[in-house]
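# Residue-level structure breakdown
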Amino acid sequence: MATADAPARELHLNVNILGGLGLHPGAWRWPAADPLSFLDVDSYVAAAKVAERGLLDAVFLADSPGIVQDVADVPPYNGIEPTLLLTAIARETEHIGLIGTASTTYNEPYNIARRFLGLDVLSGGRVAWNAVTTYNAHSGRNFGAGEPTRAERYARGNEFVHVVRELWTGWQPDAVLADRSTGRFADPGRIRPVAHRGPHFTVHGPLTLPGSPQGYPVIFQAGGGVEGRELAARFADAVFAAPSDLDDARAATAELRAQAAAFGRDPHAIRVLPGLRTTIGGTEREAWDRRDRLADLTDRTGELGALAGRLGVPYAALELDAPVAAELLREEPGDGGGHVDPVARRLAARGLTVRELLSRGLGAGYFHVVGTPEQVADRIQLWFESGAVDGFNLMPDVLADGLPALVDEVVPILRRRGLFRTEYRGSTLRSHYGLPLPGRRPVAVTTG
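Attention in this report is confined to the structure presented alongside it.

Thresholds, definitions, all that
- Residues numbered from 1 in each chain as written.
- Predicted model: local features only at pLDDT ≥ 70, side-chain atom pairs only at ≥ 80, totals over all residues.
- Heavy atoms only, no water.
- Helix = DSSP H or I, 4+ residues; strand = E, 2+ residues; numbered from the N terminus.
- Buried < 20%, exposed > 50% of the residue type's maximum accessible area, 1.4 Å probe, protein only.
- Pairing = 2+ DSSP bridges.
- Right-handed = clockwise from strand over helix to strand, strands pointing away.
- Axes fitted to C-alpha atoms, helices over the stretch in contact; angles between N-to-C directions.
- Parallel < 35°, antiparallel > 145°, perpendicular 65-115°, else oblique.
- Left-handed = near helix turned anticlockwise from the far one by under 90°.
- Contact = heavy atoms within 4.5 Å.
- Nonpolar A, V, L, I, M, F, W, Y, C, P; charged D, E, K, R; others polar.
- Phe/Tyr/Trp six-rings, centres within 6.5 Å; stacked < 30°, edge-to-face > 60°.

### Considering the side chain of Asn 158
- Mapped onto the fold, Asn 158 is located in helix H5 (residues 150–168).
- Judged by its relative accessible area of 18%, Asn 158 is buried.

Structure below.
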C-alpha cells in the first residue's frame, strides 16, 4: 500500500538485446538464431518491436569500446555502437525506451552529452544513458591508455556525469522563441555555458541544442562496489544491478536508497532494475533441457572467466566439479578493476562446487531462472513485492524465441496478476518509469 513516505510502486521491465542474439554464449548456434545478427540492424529493430508489443519500458544495449570476447567462439556483443542502433530503432518504434551504454573512461563529456541529447530529441524523449566506468585492458589499449585504478575511474566518472548533466540543462526552457513576427529566434541570455574546470575536464559549453520532451535523458548506472553505488546514489535515475540472491538484492537496495537520501535525494526516485537471465520452456523439464542444449553449444571458458573475476581468484584455480580452494577465498581480492562480488565469495565459501556456482548464474553475473512462464512470473513477483527491486532488465538466453516467450507468455501472467501495465500512459521514458521531469520543462516554441 502506498504511504506518504513510499509512493505506489509499479513493476518495470526492460530487455537487454545483447548483440541481437541473447545472453547465452551459445545463442549464435541456436537453430532459431541468425549467427550474424550482431551486424544486422533489422534484428535489433525486430527485437525492439517485440518488446514494444509487450509494453516493456525499454530496450537496453550494453557496450565496451574494444573486443572483450574470444571471437574464435562467440560473436562480439558490441559490434555496432549503441546510439547508431538506437537511432534506427527510434525511427521504427513509437513508445519503447532506448537505453545505450557509453564509457566515462574513454570518452569526453561534451561528445556524450551532445550525442545522447540529440538522440533524445529525435526520439521524442525516450532515451537513457547507461554510464559505465570501463575497466578492461582491451579498451585501454585502443585509446593509447593504461588501465586506470578503480579509484581513478570513479573519480573521473563522477566528474564526467556531473558535467554531462550540467550541459543538458544549459538551455533554459524558454530560450527558444522562434518568433517570426519579431525575427527573434532565441534569447542568448537563457542559454548558459557550464564553464567547468575540474581535475579531469575543462568544458565551456553550451550544447548545440535544447532539451527534449522529457527534459534530458534518464541516467542509468551499471557499476558495482562501493564506488559504483555512490555514483548511482548521487546521479542515477535507474540502476542496472547484479545481485546474486534476494537477500543480497534487499540489502543493496536499502543501502542505495539510504545513500541517495544522504545526498538529499528522494530515496524512492531511483529505479532498481537488476539483470534477470531467463530460460523458458513449456514445462520445467523442457526448460532444463533447453538450458542443457545451449550449454552443449559452447564451452564454459567465458563463464569460468567471469566467475573467477567475481570471486577475485585466478581462472586456473577453478575446476568444474570441485569447490573453490578455501585459502583463495580467505585472501583479500586484488583491485583488478573488476566487480568482485562478496555474495559470490560467501556462496563459494560454503563449499559449493564451481558447477553449482555457475548453475546459480554467477558466471554471467545475473540471477538465472530456468522454468515455465508461471515460474518466471512467480520469481519476478516475489522479488518485486519484497521491495528488493522495482523490476528487471530481462536477459533471455536467445532473443529469437526467448524474447517472444517473455512477451507472449510471461508478461500476460504478470498483467493478470495486476503487476504490469496494460497500456503506455505516456510518450517518454521518464513517464514509463514514473519519474518527474528533472527540474525543467520542455522547450515551448512560439511561431508568432
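### A short note on the pairing of strand S3 (residues 97–103)
- Summarising burial for S3: 7 of the 7 residues are buried, a large majority.
- Judged by which residues are buried, S3 turns out to be covered on both faces: Gly 97, Ile 99, Thr 101 and Ser 103 on one side and Leu 98, Gly 100 and Ala 102 on the other are all buried.
- Alignment of strand S2 (residues 58–61) against S3, held across 4 bridges, turns out to be parallel. Residue pairing for S3: Ala 58 is matched across the bridge by Gly 97.
- Note on the crossover from S2 through helix H2 (residues 82–92) to S3: the handedness is right-handed.
- Handedness of the crossover is the feature at issue here: the chain leaves S3, passes through helix H3 (residues 109–122), returns alongside strand S4 (residues 127–132), and the resulting connection is right-handed.

### Details of the packing of helix H1 (residues 41–53) against H2
- Running from N to C, H1 and H2 point in directions that differ by 50°, and their axes come no closer than 9 Å. It follows from the interaxial angle that H1 and H2 lie oblique. Every pair of crossing elements has a handedness; the one defined by H1 and H2 is right-handed. Residues Val 41, Tyr 44, Val 45, Ala 48 and Lys 49 of H1 pack against Leu 85, Ala 88, Ile 89 and Glu 92 of H2.
- For the contact of H1 with H2, a count of residues per class yields 7 nonpolar, no polar and 2 charged.

### Topic: the packing of aromatic side chains
- For the coordinates displayed, the defined rule picks out 11 aromatic pairs.
- Taking the centre distance of 5.8 Å and the plane angle of 40° together, the rings of Trp 129 and Phe 160 count as tilted. Residue Trp 129 is found in strand S4, and its partner Phe 160 is found in helix H5; the two are separated by 31 residues along the sequence.
- Relative accessible area serves as the criterion here: at 0%, Trp 129 is assigned to the buried category.
- Ring centres of Phe 220 and Tyr 433 lie 6.2 Å apart, and the angle between their planes is 50°; on these two criteria the pair is classed as tilted. Of this pair, Phe 220 sits in strand S9 (residues 218–221) while Tyr 433 sits in helix H15 (residues 429–433), and the two are 213 residues apart along the sequence. Summarising the burial analysis for this pair, Phe 220 and Tyr 433 share the class buried.
- Taken together, Phe 116, Trp 129, Phe 160, Trp 168, Phe 201 and Tyr 216 form an aromatic cluster joined through their ring pairs.

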